[in-house]
Structures are given as C-alpha cells and as structure tokens.
Amino acid sequence: MTEIVIQPLTAEAFAPFGDVITLKPEADKIINQGMCGRHHDLAEMDFADGRAGISLFNAQPRSLPYKLDMVERHPDGSQAFIPMTEHAFLVIVAKDLGGKPDTPVAFQTQPGQAINFHRNTWHGVLTPLAAPGLFAVVDRIGDGANLEEFWFDTAYQVVADQDQRSGIP
C-alpha cells in the first residue's frame, strides 16, 4: 500500500482544490456595536442548477493510519465543511487527470480552519479525527445526481508525518 504523508493545511497548498476558510489577519469590517470582526467572503461558492443549502453532518471519527480506497467529486457544486468543534480533521484531495483522480494529497486542519472544495474536485469522504464529528456543510441542493465516485485499484495508506509519529508537536 502506498503511503500518503499528511501535511498542514495552508491556503497556498490547498488553492488548486479549494479555499481554506479561516480568519484573516485583520477583519474586513467591525460590526455589532464594535464587538465583532467580520471576515468577509472567505470562499467561492459555485452551484449549477440548484441553490445553496446548509446541512449538518455528524460523522464517525477515523484513526491513523487511514485506508483511502475511494474519492468522490461533485460536478454541479462546491462544498464547504465547517467544523462545529475545535478538533482537527483530515482533508484528502486529488487533481483530475482526464476524468480520474491523480495521486491524492492529504492535509490536516488546525483549530479554526474550515474548507471549501471547488466544484468537481476529487476528495475523500468527511474524515474527523476525534468525536464529535459535527460539521455544518454548505453545498448544492437541487435535482440530479451531483456525485461521482472513483474506487482505487490499490488503496492508499494515509499517515502522520514523522514528527507527528514521534510525538513531537
């Protein structure tokens, strides 16, 4: 089984696949009687033949090493995952190679980070690393099958980097 080493989630590394949703260094606007910083328009939501909807997902936590045997994509809309806890989650993505996924890349979020997959981006399933796995999800609501799955002939094994394996923070 080929190993995929998890890397930290950064906006630059994730840019080909979507948006990292996190606070900017400075708020765009101060609102609510000066008590709230609004960090505005952090993700590009993109939907065809439907509308944006907000759903709650409650996923079972997974552990490392994680066996990755399938990825999926949504041709008709982007999909944002916003954790409702402070726990990290695993984000797996792959570039498209003529209708099939390239070798996957794995990221681990930090507290305060959420993600938005661009429309038609190959990605792994929701993979929280701790319970509860509660997420608000903003995605396309509409008619038609907005899901394509790809099963790998040989599964990948997603592992922590050497520092994480050694217990070094």
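Above this text you will find the structure in question.
Going along each chain's sequence as written, the residues are numbered from 1 onward. Predicted model: local features are reported for residues with pLDDT of at least 70 only, side-chain atom pairs are reported and counted for 80 or more only, and whole-chain, interface and lining totals are derived from all residues. As a rule here, side-chain values cover all heavy atoms of the structure and leave hydrogens and water aside.

Now for the overall build of the protein chain. Numbering of helices and strands runs from the N terminus, with a helix taken as a DSSP run of H or I at least four residues long and a strand as a DSSP run of E at least two residues long. Regarding its fold elements, the protein chain presents two helices and 17 strands. Relative to the compact-globule value of 15 Å for 169 residues, the protein chain shows a C-alpha radius of gyration of 17 Å, a close match. Reported as C-alpha extents along the three principal axes, the dimensions of the protein chain are approximately 55 × 45 × 30 Å. Burial status across the protein chain gives 38% buried among its 169 residues. Our radius of gyration is a C-alpha quantity, and the globule rule it is checked against amounts to 2.2 Å times the number of residues to the power 0.38. Only protein chains enter the accessibility calculation, which uses a 1.4 Å probe; a residue whose area is less than 20% of its type maximum is buried, one above 50% is exposed, and one in between is partly exposed.

You can see D139 is positioned in strand 16 (residues 133–141). Put simply, D139 is tucked away with no salt bridge, and the nearest opposite charge, on R51, sits 8.5 Å away. In this structure the side chain of D139 is engaged in a polar contact, spanning 3.1 Å, whose partner is the side chain of Q79. Sequence-distant contacts of D139, that is, excluding residues within four places in its chain, are made with F47, R51, A52, G53, S78 and Q79. The positive count covers Lys and Arg only, the negative count covers Asp and Glu only, and His and the chain ends enter neither. Throughout this description, the term salt bridge denotes a Lys or Arg side-chain nitrogen within 4 Å of a carboxyl oxygen of Asp or Glu. Polar contact criterion, stated in full: a pair of N or O atoms within 3.5 Å, where within protein one must be able to donate a hydrogen and the other to accept it, and residues adjacent in sequence count only if both atoms are side-chain atoms. Contacts were defined at the residue level, with two residues in contact if any of their heavy atoms lie within 4.5 Å.

Let's shift gears to the sheet that holds strand 16. Two strands are counted as paired when DSSP detects at least two bridges linking them. On the basis of which strands lie adjacent, the open sheet formed by five strands has the order 3-13-8-16-6 and antiparallel pairing. One side of each edge strand has no neighbouring strand; the edge strands of this open sheet are strand 3 (18–21) and strand 6 (51–59). Mean inter-strand twist for the sheet, computed between neighbouring axes without regard to direction, equals 20 degrees. To obtain an axis, a line is fitted to C-alpha atoms, over the contacting stretch when the element is a helix, and the angle between two such axes runs from 0 to 180 degrees between their N-to-C directions.

Formed by 15 residues in total, the largest nonpolar core has its most connected members in F14, F81, V91, V93, F107, I115 and F117. Breaking this core down by element, the ones donating at least two residues are strand 9 (89–94), strand 13 (114–117) and strand 16. In plain words, nonpolar cores are sets of buried Ala, Val, Leu, Ile, Met, Phe, Trp, Tyr and Cys residues tied together by side-chain atoms within 4.5 Å.

Further remarks concern the packing of aromatic side chains. Each aromatic ring pair is characterised by the separation of its centres together with the angle its planes make. Only the six-membered ring of Trp is used, alongside the rings of Phe and Tyr, when aromatic pairs are assigned; centres must lie within 6.5 Å, and planes under 30 degrees apart are stacked while those over 60 apart are edge-to-face, with the rest tilted. Scanning the model with the defined rule gives nine aromatic pairs in all. Relative to F17, the ring of F14 lies with its centre 6.1 Å away and its plane at 50 degrees, an arrangement referred to as tilted. There is no split in this pair, since F14 and F17 are both buried. Seen in terms of ring centroids, F89 and F135 are 5.0 Å apart; in terms of plane orientation they differ by 85 degrees. Their pairing is edge-to-face. Highlighted residues: F89 in strand 9 and F135 in strand 16, separated in sequence by 46 residues. Here F89 matches F135 in class, with each residue buried.

As enumerated under the stated definition, the model contains four salt bridges in all. Linking D46 and R119 is a salt bridge whose minimum nitrogen-to-oxygen distance equals 2.6 Å. Here the residue D46 occupies a position in the loop between strand 5 (36–38) and strand 6, and R119 occupies one in the loop between strand 13 and strand 14 (122–123), the gap between them amounting to 73 residues. Residue E148 pairs with R73 through a salt bridge whose shortest N-O separation is 3.1 Å. One end of the pair, E148, is in strand 17 (residues 148–159); the other, R73, is in strand 7 (residues 66–73), and 75 residues separate them in sequence. Through salt bridges with shared partners, one network takes in R73, D96 and E148.

Along the chain, Q110 turns up in the loop between strand 12 (105–108) and strand 13. Taking the C-alpha atoms as reference, Q110 lies 21 Å from E44; in sequence the two are 66 residues apart.

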